[in-house]
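Each chain, letter by letter, is given below.
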Amino acid sequence: KKKQKYAHDAYHLLVLGTDTNSQNMGIGSKIIKEGLDRADKLNIPCYLESSNIRNVPFYKRHRFKTVEVYQHFKTGVDGGEGPVFTLMRREPVKKHD
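Notes on the structure in this doc start here.

The rules we used
- Residues numbered from 1 in each chain as written.
- Predicted model: local features only at pLDDT ≥ 70, side-chain atom pairs only at ≥ 80, totals over all residues.
- Heavy atoms only, no water.
- Helix = DSSP H or I, 4+ residues; strand = E, 2+ residues; numbered from the N terminus.
- Buried < 20%, exposed > 50% of the residue type's maximum accessible area, 1.4 Å probe, protein only.
- Contact = heavy atoms within 4.5 Å.
- Areas by Shrake-Rupley, 256 points an atom, 1.4 Å probe, with all protein chains shown as cover.
- Core = buried A, V, L, I, M, F, W, Y, C linked by side-chain atoms within 4.5 Å.
- Pairing = 2+ DSSP bridges.
- Axes fitted to C-alpha atoms, helices over the stretch in contact; angles between N-to-C directions.

Topic: the overall build of the protein
So, point 1. Of regular secondary structure, the protein possesses 3 helices and 4 strands.
So, point 2. By residue count, 29% of the 97 residues in the protein fall in the buried class.
So, point 3. Considering only residue pairs separated by 6 or more positions, the protein has 67% of its internal contacts joining residues 24 or more positions apart.
So, point 4. Approximately 7200 Å² of the protein is accessible, and the part contributed by carbon and sulfur atoms is 52%.

Rendered as structure tokens:
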């Protein structure tokens, strides 16, 4: 339901990850750039759901904005709380020639 609310018209970034030894080398940015450039060219927004709050600054650097933060499970099976999800959306960027 959240995806339908925020991303009915958007490309959805499903999974992005790099090996721990390969982080902070620009690899994630190069990978995400391909999809973002494609979406910009077609004037389509992008959407993602991050379950790791440490990744939010990376997405913000790529012009994603937080649209909602929520916790799907308030109480887990073991009595603990589930992960916090940050829902983010990026509007297409107009390129000037």
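A closer look at the side chain of Thr86
So, point 1. Mapped onto the secondary structure, Thr86 falls in strand S4 (residues 84–90).
So, point 2. Taking relative accessible area as the criterion, Thr86 reaches 2% and is therefore assigned buried.
So, point 3. Setting aside its immediate chain neighbours within four residues, Thr86 contacts Leu48, Glu49, Ser50, Ile53, Val56, Thr66, Glu68 and Val69.

A word on unusual backbone geometry
So, point 1. In this structure, Asn43 takes a positive phi of about 60° despite not being glycine.
So, point 2. Following the sequence through the fold, Asn43 ends up in the loop between helix H2 (27–42) and strand S2 (46–50).
So, point 3. Of note, Arg63 is a non-glycine position whose phi angle comes to about 75°, a positive value.
So, point 4. Inspection of the secondary structure puts Arg63 in the loop between helix H3 (56–61) and strand S3 (65–71).

Some points on the nonpolar core
So, point 1. Judged by nonpolar contacts, Ile32, Leu36, Ala39, Cys46, Leu48, Val56, Phe58, Tyr59, Phe64 and Met88 together constitute the single largest core of 10 residues.
So, point 2. For this core, the secondary structure elements donating two or more residues are H2, S2 and H3.
So, point 3. Ala7, Ala10, Tyr47 and Leu87 belong to the second largest nonpolar core, which has 6 residues in total.

Concerning the environment of Asp40
So, point 1. Here Asp40 shows up in helix H2.
So, point 2. Placed 50 residues apart in sequence, Asp40 and Arg90 show a C-alpha to C-alpha distance of 9.9 Å.
So, point 3. Every residue in contact with Asp40, bar those within four places of it in the chain, is listed here: Arg90, Pro92, Val93 and Lys95.

Quick word on the sheet that holds S4
Two pairing modes exist for strands in a sheet, parallel and antiparallel, and in both the strands are linked by backbone hydrogen bonds.
So, point 1. Across the sheet, 4 strands lie side by side as S1-S2-S4-S3; this open sheet has mixed pairing. Strands at the two margins of the open sheet, each flanked by one partner only, are strand S1 (11–13) and S3. Taken over all neighbouring pairs, the strand axes of this sheet differ in orientation by 20° on average, direction set aside.
So, point 2. In the packing of H2 onto the sheet, contacts are made with S1, S2 and S4, and the angle to S1 comes to roughly 170°.

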